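# Report on the structure
Listed below, chain by chain, are the residues.
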Amino acid sequence: MKHSNIFVFIETVNQKAKPVSWELMAKARELSEKLEGSEVWGVLLGNELDEVCKEAIARGADKVLYVKNSELNEYINYKYQKVLVDMVKKYKPEIFLIGATLEGRELAGMIATELKTGLTADCTGLDIIPEKELLAMTRPTFGGNLMATIFCPEHVPQMATVRPGVMKELPPDFKRAGEIIVEEYQMPEVEKLIEVLESIPVKSGSNLQYAPVVISGGNGVGGPEGFKMLRKLADLLGGEVGASRAAVKKGWVPYEYQVGQTGKTIRPVLYIACGISGAIQHIVGIKESDIIVAINKDENAPIFEVADMGIVGDLHKVVPALIEIIENKLKSGARK
Ligand SMILES: Cc1cc2nc3c(=O)[nH]c(=O)nc-3n(C[C@H](O)[C@H](O)[C@H](O)COP(=O)(O)OP(=O)(O)OC[C@H]3O[C@@H](n4cnc5c(N)ncnc54)[C@H](O)[C@@H]3O)c2cc1C
């Protein structure tokens, strides 16, 4: 019997799924339509995850494999590896998708080597070649100058990690039907290799990928002071602050803020680029935004080629003016 099911790893933190899990779920649904007789399985590990199970079905899973064990409540790589390798051996999925978060990247590599199968990291595109039931995994390579489409024809599961923010999640539909399989898993006694002593939350920039509005600053901002002004604008619009690599390199903001090829890929409703020239390595991280606004004093800056709206001017004048207009509007009763 052929198992052409798709596993989607649902990464959770504090009993909540990371949004990338739902992005992958939506993609898996699309892929599954091209794979006759296939099902989408959400796979999650831990305990007290009943709500996440329900949401997984609402987000597109046909089945949810819930490996229930309090030892799996927090991410420990070798434990997760052991469980997921066992689940793959038991349920034999054809495709296994994992979000390319820090944990996901590590985990995927550990699973693929154990199963001796192929893994494409950090994909930006996934498709199915229906005649062959093959997953076409596309990812940028050579610094984004070449898009490579990679296949894994001889080994299963075909594994891919996908960058958060690249794919679009489906809105939850709590009327969808699905099955939850609770796997009572006995964790074998293994040597304790890792012990988590403390978790220190990352604050700055951590919400960048999921913020509806991002106000980014580049070299043109001129220093860390300028970023305070961008923060003010972001707060007024209910958004986050981002940055170009130039601004990060100068130490004006931490790396968590960086948007682009070697930073985060984002898809906000509104992206405002302030004093950013628009190098291709920056653009690849923002091009999926719904509306791009550029503020730059050089009318020939390449950012204007991708911008839906442009303001040619000094950002140190334009941004305070925008702040003032928005503050006045909010005062007169406008909603955020
Ligand atoms: C392998 C590789 C990976 C990279 N990854 C990334 C990445 O992930 N993200 C990224 O951003 N870059 C990345 N880069 C760097 C990228 O090529 C650019 O160097 C960088 O994006 C430039 O940043 P910038 O636009 O802020 O600075 P600049 O190119 O210096 O542009 C500054 C802009 O600000 C304007 N300006 C100046 N003063 C003002 C003012 N007062 N008001 C309004 N406008 C003003 C200028 O006209 C100019 O257009 C990468 C490069 C390489 C080689």
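The coordinates are above.
Okay, so let's go over this structure. (Residues numbered from 1 in each chain as written. Predicted model: local features only at pLDDT ≥ 70, side-chain atom pairs only at ≥ 80, totals over all residues. Heavy atoms only, no water.)

### Points about the environment of Asn 219
Position of Asn 219 among the secondary structure elements: in the loop between β13 (213–217) and α5 (224–236). What makes Asn 219 partly exposed here is its relative accessible area of 39%. Here the alpha-carbon distance between Asn 219 and Ala 243, two residues 24 residues apart in the chain, equals 9.0 Å. With residues up to four places along the chain from it excluded, the contact list for Asn 219 reads Ser 244, Ala 246, Lys 250, Trp 252 and Gly 275. There is a polar contact of 2.8 Å between the side chain of Asn 219 and the side chain of Lys 250. (Helix = DSSP H or I, 4+ residues; strand = E, 2+ residues; numbered from the N terminus. Buried < 20%, exposed > 50% of the residue type's maximum accessible area, 1.4 Å probe, protein only. Contact = heavy atoms within 4.5 Å. Polar contact = N/O pair within 3.5 Å; in protein donor to acceptor, adjacent residues only side chain to side chain.)

### Side note on helix α9 (residues 315–331)
With 17 residues, α9 extends 24 Å from end C-alpha to end C-alpha; this agrees with the ideal 24 Å at 1.5 Å per step. If you check which residues of α9 are buried, you get Leu 315, Val 318, Val 319, Ile 323 and Ile 326. Along the long axis of α9, the arc covered by the buried residues comes to 135°, so they all point the same way. Counted as exposed and oriented over 90 degrees from the buried face of α9: Lys 317, Glu 324 and Lys 331. Buried residues along α9 sit in contact with α5, β15 (270–274), β16 (291–296) and β17 (309–312). If you check the start of α9, you find a side-chain oxygen 2.9 Å away from the backbone N of His 316, and it comes from Asp 314. Gly 333 lies just past α9 and shows a positive phi near 100°. (Expected span 1.5 Å × (residues − 1). Arc of directions from axis to C-beta.)

### Points about the site of the ligand
Contacts to the ligand come from 25 residues, most closely from Asn 219, Ser 244, Thr 262, Ser 277 and Asn 296. In this structure, an oxygen atom belonging to the ligand sits 3.0 Å away from a main-chain N or O atom of Gln 261. Gln 281 places a polar side-chain atom, nitrogen or oxygen, 2.8 Å from an oxygen atom of the ligand. Considered on its own, the ligand offers 980 Å² of accessible surface; in the complex 75% of this is hidden by protein. Of all elements in the fold, only α6 (245–249), α7 (280–283) and α9 reach the threshold of two or more residues within the shell around the ligand. Split into classes, the residues belonging to the shell around the ligand amount to five nonpolar, 16 polar and four charged. (Near = heavy atom within 4 Å. Areas by Shrake-Rupley, 256 points an atom, 1.4 Å probe, with all protein chains shown as cover. Nonpolar A, V, L, I, M, F, W, Y, C, P; charged D, E, K, R; others polar.)

### So, the sheet that holds strand β10 (residues 146–150)
An order of β8-β9-β10 is seen for the three strands of this open sheet, with the pairing classed as antiparallel. With partners counted over all chains shown, the strands left at the sheet margins are β8 (125–129) and β10, one partner each. Sheet twist, expressed as the average angle between the axes of neighbouring strands with direction ignored, equals 25°. Strand direction decides the pairing type here: β8 and strand β9 (residues 134–141), joined by five bridges, are antiparallel. Paired with Ile 128 across the strands is Leu 135, a residue of β9. (Pairing = 2+ DSSP bridges. Axes fitted to C-alpha atoms, helices over the stretch in contact; angles between N-to-C directions.)

### Points about the packing of aromatic side chains
For the structure shown, the criterion picks out five aromatic pairs. Ring plane angle 90° and centroid distance 5.5 Å describe the contact between Phe 7 and Phe 96, whose orientation is recorded as edge-to-face. Taken as a pair, Phe 7 in strand β1 (residues 6–9) and Phe 96 in strand β6 (residues 95–99) lie far apart in primary sequence, 89 residues in all. Neither Phe 7 nor Phe 96 differs from the other in exposure class; each is buried. Each ring, one from Trp 41 and one from Tyr 91, has its centre 5.1 Å from the other, and the planes form 50°; the classification is tilted. In this pair, Trp 41 is assigned in strand β4 (residues 40–46) and Tyr 91 in helix α3 (residues 77–91), connecting sequence segments 50 residues apart. Each member of the pair, Trp 41 as well as Tyr 91, carries the same accessibility label: buried. Cluster of aromatic residues (ring-pair linked, three or more members): Phe 7, Trp 41, Tyr 91 and Phe 96. (Phe/Tyr/Trp six-rings, centres within 6.5 Å; stacked < 30°, edge-to-face > 60°.)

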